[in-house]
Amino acid sequence: MPGSPAPDVAFGPGSGTRRRPWAELLAGRAKRQKYNPERGQKLKASAVHLLRSHQDLNNLLLEVECSPCKNLCLSHLVVPDHTEACTSRSSSFVGSVLQDQASRLGFPVGVLAARVAASSLEQVCAAVAEPRPSVLLTSEQRKKLSSLLEVAKHLLAHSMFSCAVFCQELWKVQDSLLLEAVWCLHVQNVVSLQELVESHPNVDSLGAWLFRNLRLLCEQMEACEHSDIARTVLSDLVKMFVLRGFQEDSDLRRTVQPEKMPQVALDVLQRMLIFALDALAAGVQDGSLEHTVVRCWVSVFDGHMYCSIMSTDCLKRFFSHTLTQILTYNPVLKVSDAIQMQREWSFARTHPLLSTLYRRLFVVLSPEELIGRLQEVLETEEVNWKRVLHCVSTLVICFPEAQRLISGWVSCLMTRAFESFHLDSLVTAFLVVRQAALEGPSAFLSYADWFKASFGTTRGHHICSKKALVFLFTFLSDLVPFEGPRYMQVHILHPPLVPDKYRSLLTDYVSLAKTRLADLKVSVENMGLYEDLSSAGDVPEPHSQASQDVEKAIVVFEHTGRIPVTVMEASSRKPLTPAQLL
């Protein structure tokens with residue numbers, strides 16, 4: 001009947017009809033609605049249009065205000081209480097927005113996605129203004145970056161992300177990037193460090209940027225809140241540089257031809273080592289930022305850190321290359337400087353960080369390899385004698401077999417020197433022996449014992465000809481203006497064996513050495529039994545020297561249980577006659 005109420009409509013009070021609750025009415029309405037695919041597509045299109053008109057795509061990737069459905073809360077996608085399906089739907093929704101925008105603009109969605117992601121990453125890195133330059137993310141930045149990388153990986157998996165464009169866009173904002181963010185891109189498999197390096201337009205600029213950021217990372221290692229993350233970033237990057245710089249057939253994650261990567265890796269490693277050596281040469285002070293950086297960088301020379309990712313040969317190439325750089329660092333010292341100053345370069349006076357660096361290198365390189373490297377560098381390169389002699393001291397302290405190896409090396413140098421009258425070999429032999437002797441009788445035989453064994457017998461190299469004798473005494477005479485009194489005393493008190501017809505060569509040298517000792521106000525007879533590590537060349541008073549000899553003899557006896565041979569010889573030594581002094 002027209003105008004009569006429908007039977008299922010609720011009337012007001014007094015109508016006589018049963019009132020139906022709203023829940024029942026709404027439930028009935030929902031049952032009458034059927035799923036309509038076209039309606040769903042229209043709704044999705046309307047939502048995308050709304051976002052396209054009013055939503056910044058960069059902010060879409062970094063949205064932090066969570067809506068009830070959480071579909072747009074990308075920074076919260078990795079929170080444990082979110083399901084994988086929710087994350088997948090959110091990433092898919094962002095992909096739909098990007099596809100629609102790319103279609104409207106008329107260029108590939110992968111290019112748009114890469115540009116938007118690069119811009120979003122720049123926003124992440126600039127989100128917090130630090131009082132001083134930083135290379136690490138804050139906790140909030142890490143959350144945002146994690147969400148961004150999840151979306152980027154989804155787009156990458158669905159061929160909606162151009163890695164090449166992304167890398168290019170990142171380097172356009174290079175100065176805004178944080179090192180930890182670049183590391184995250186690598187470990188999260190968005191783009192590898194190899195791809196980032198190969199895409200950079202300027203190798204020198206990239207090397208300088210990586211060096212600057214690694215130095216800052218070392219500075220902030222101990223003071224930062226998340227030091228474990230900082231150590232992991234440093235370790236991963238250094239391992240990557242070593243692997244790409246010293247291993248040719250590395251297994252790349254992506255098919256990128258390694259052209260720039262080895263060059264950049266070597267450049268960054270060298271820059272960091274030179275910085276450390278510069279700081280050590282300048283006398284870096286404990287507690288300074290430079291000291292913190294050097295200590296942190298020395299810690300990366302840990303052989304165990306690299307065992308899982310590279311071969312022993314690769315690691316040895318890296319350590320051997322590092323040792324060569326140290327030995328050839330700033331070669332400004334002349335041989336005369338080394339002769340004058342080497343008493344100040346004993347192991348005890350070497351900077352602890354440099355000694356630690358040497359010892360870490362020695363863990364991977366065998367003593368034979370170390371001697372071989374020293375020999376090769378000295379024969380082919382201009383060297384820093386201070387660093388070379390520091391290395392020799394550390395070598396004889398660290399390895400019990402070093403005395404045998406160094407003695408064999410010196411013997412070869414002496415043979416070569418007198419066979420071809422090669423002055424450099426003779427200089428090297430004397431410097432190496434004197435340096436090793438500075439470390440005391442428990443590490444190496446004394447210089448006096450070596451000199452007597454080398455030149456005081458008929459088996460000496462100098463006996464073979466007059467030319468060899470002239471070669472030796474010319475060399476010793478040239479040393480006189482530079483060397484300390486003790487060495488001249490050894491040469492006078494334990495002179496080389498010389499045939500009578502060439503006695504004038506020895507007499508001339510002894511006269512020259514005595515004159516030099518007189519100028520220094522040093523007596524010929526006032527010489528102790530052991531090398532003096534505490535002085536730079538001056539000879540102490542007789543009673544002081546005797547006290548030092550007794551103390552050192554006691555130390556040797558405590559370590560070996562034997563009375564030193566030098567003490568036994570001294571107890572039976574007769575005073576020298578004037579003729580013997582000549």
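A.B. asks: Whenever I open this one, the overall build of the protein chain confuses me. Can you help?
C.D. replies: Scanning the protein chain for helices and strands turns up 28 helices and 0 strands. In the protein chain, buried positions account for 47% of the 582 residues. Taking the intrachain contacts of the protein chain between residues at least 6 apart in sequence as the baseline, contacts between residues at least 24 apart amount to 73%. Approximately 29400 Å² of the protein chain is accessible, and the part contributed by carbon and sulfur atoms is 54%.

A.B. asks: Honestly, the nonpolar core in this entry has me stumped. Any pointers?
C.D. replies: Grouped burial of nonpolar side chains is what soluble globular proteins tend to show. By size, the foremost hydrophobic cluster in this structure holds 168 residues, and its most contacted members are Leu121, Phe161, Phe166, Leu217, Leu234 and Phe241. For this core, the leading source of residues is helix H12 (residues 261-281), giving 11 residues. Here leucine 217 is in contact with Val135, Leu136, Leu179, Ala230, Val233 and Leu234, once residues within four sequence places are set aside.

A.B. asks: Looking at this model, I keep getting lost on helix H25 (residues 503-519). Mind explaining?
C.D. replies: One turn of the α-helix equals 3.6 residues, which is why residues spaced by three or four share an orientation. Taking 1.5 Å as the rise per residue, H25 with 17 residues should run 24 Å; its terminal C-alpha atoms sit 25 Å apart, in good agreement. Listing the buried residues of H25 in full gives Leu506, Tyr509, Val510, Ala513 and Leu517. Projected down its long axis, H25 shows its buried positions confined to an angular sector of 100°, all on one face. Those residues of H25 that are exposed and aimed more than 90 degrees away from the buried face are Asp508 and Asp519.

A.B. asks: Is there a simple way to think about the packing of aromatic side chains in this case?
C.D. replies: For any two aromatic rings, the description comes down to two numbers: the centre-to-centre distance and the angle of the planes. This model, assessed by the stated rule, comprises 24 aromatic pairs. With a centroid separation of 5.2 Å and 55° between ring planes, the pair formed by phenylalanine 161 and phenylalanine 166 is classed as tilted. The pair formed by phenylalanine 161 and phenylalanine 166 is uniform in burial state, with each residue classed as buried. Ring pairing ties together the aromatic residues Phe418, Phe421, Phe430, Tyr447, Trp450, Phe451, Phe455, Phe471, Phe475 and Tyr487, which thus form one cluster.

A.B. asks: Mind showing me how you'd approach the environment of threonine 507 here?
C.D. replies: Within the secondary structure, threonine 507 sits in helix H25. Separated by 15 residues in sequence, threonine 507 and isoleucine 492 have C-alpha atoms that sit 9.8 Å apart.

A.B. asks: Would you explain the pattern of salt bridges in this entry?
C.D. replies: For side chains of opposite charge, pairing can occur when their charged atoms come near one another. Tallying each qualifying case throughout the model produces 12 salt bridges. Between glutamate 483 and arginine 434 there is a salt bridge; the shortest N-O distance is 2.5 Å. With glutamate 483 in the loop between helix H23 (466-479) and helix H24 (485-493) and arginine 434 in helix H21 (residues 423-437), this residue pair connects regions lying 49 residues apart in the sequence. Given the relative accessible area of 3%, glutamate 483 is considered buried.

A.B. asks: Help me out: how do you make sense of helix H10 (residues 203-220) in this one?
C.D. replies: Compared with the 26 Å implied by 1.5 Å per residue over 18 residues, the 26 Å span of H10 between its first and last C-alpha is a close match. Taken across its 18 residues, H10 has 13 buried, putting it largely inside the fold. For H10, the N-terminal capping position is held by asparagine 202, with its side-chain oxygen 3.0 Å away from the main-chain nitrogen of aspartate 204.

A.B. asks: Explain the packing of H12 against helix H15 (residues 312-327) to me, please; I cannot follow it from the model alone.
C.D. replies: Helix-helix packing: each pair is described by the crossing angle between the helix axes and the interaxial distance. One way to put it is that H12 packs onto H15 with a least axis distance of 11 Å and a crossing angle of 45°. The pairing of H12 with H15 is recorded here as oblique in orientation. In the crossing of H12 with H15, the sense of the turn from one axis to the other is right-handed. Contact with H12, carried on its side by Leu269, Gln270, Leu273 and Leu277, involves Phe318, Thr322, Gln325 and Ile326 of H15 and no other residues of that element.

Cut-offs used in this document
- Residues numbered from 1 in each chain as written.
- Predicted model: local features only at pLDDT ≥ 70, side-chain atom pairs only at ≥ 80, totals over all residues.
- Heavy atoms only, no water.
- Helix = DSSP H or I, 4+ residues; strand = E, 2+ residues; numbered from the N terminus.
- Buried < 20%, exposed > 50% of the residue type's maximum accessible area, 1.4 Å probe, protein only.
- Contact = heavy atoms within 4.5 Å.
- Areas by Shrake-Rupley, 256 points an atom, 1.4 Å probe, with all protein chains shown as cover.
- Core = buried A, V, L, I, M, F, W, Y, C linked by side-chain atoms within 4.5 Å.
- Expected span 1.5 Å × (residues − 1).
- Arc of directions from axis to C-beta.
- Phe/Tyr/Trp six-rings, centres within 6.5 Å; stacked < 30°, edge-to-face > 60°.
- Salt bridge = Lys/Arg side-chain N within 4 Å of Asp/Glu carboxyl O.
- Polar contact = N/O pair within 3.5 Å; in protein donor to acceptor, adjacent residues only side chain to side chain.
- Axes fitted to C-alpha atoms, helices over the stretch in contact; angles between N-to-C directions.
- Parallel < 35°, antiparallel > 145°, perpendicular 65-115°, else oblique.
- Left-handed = near helix turned anticlockwise from the far one by under 90°.

The quantities given are spatial measurements derived from coordinates; they are silent on function.
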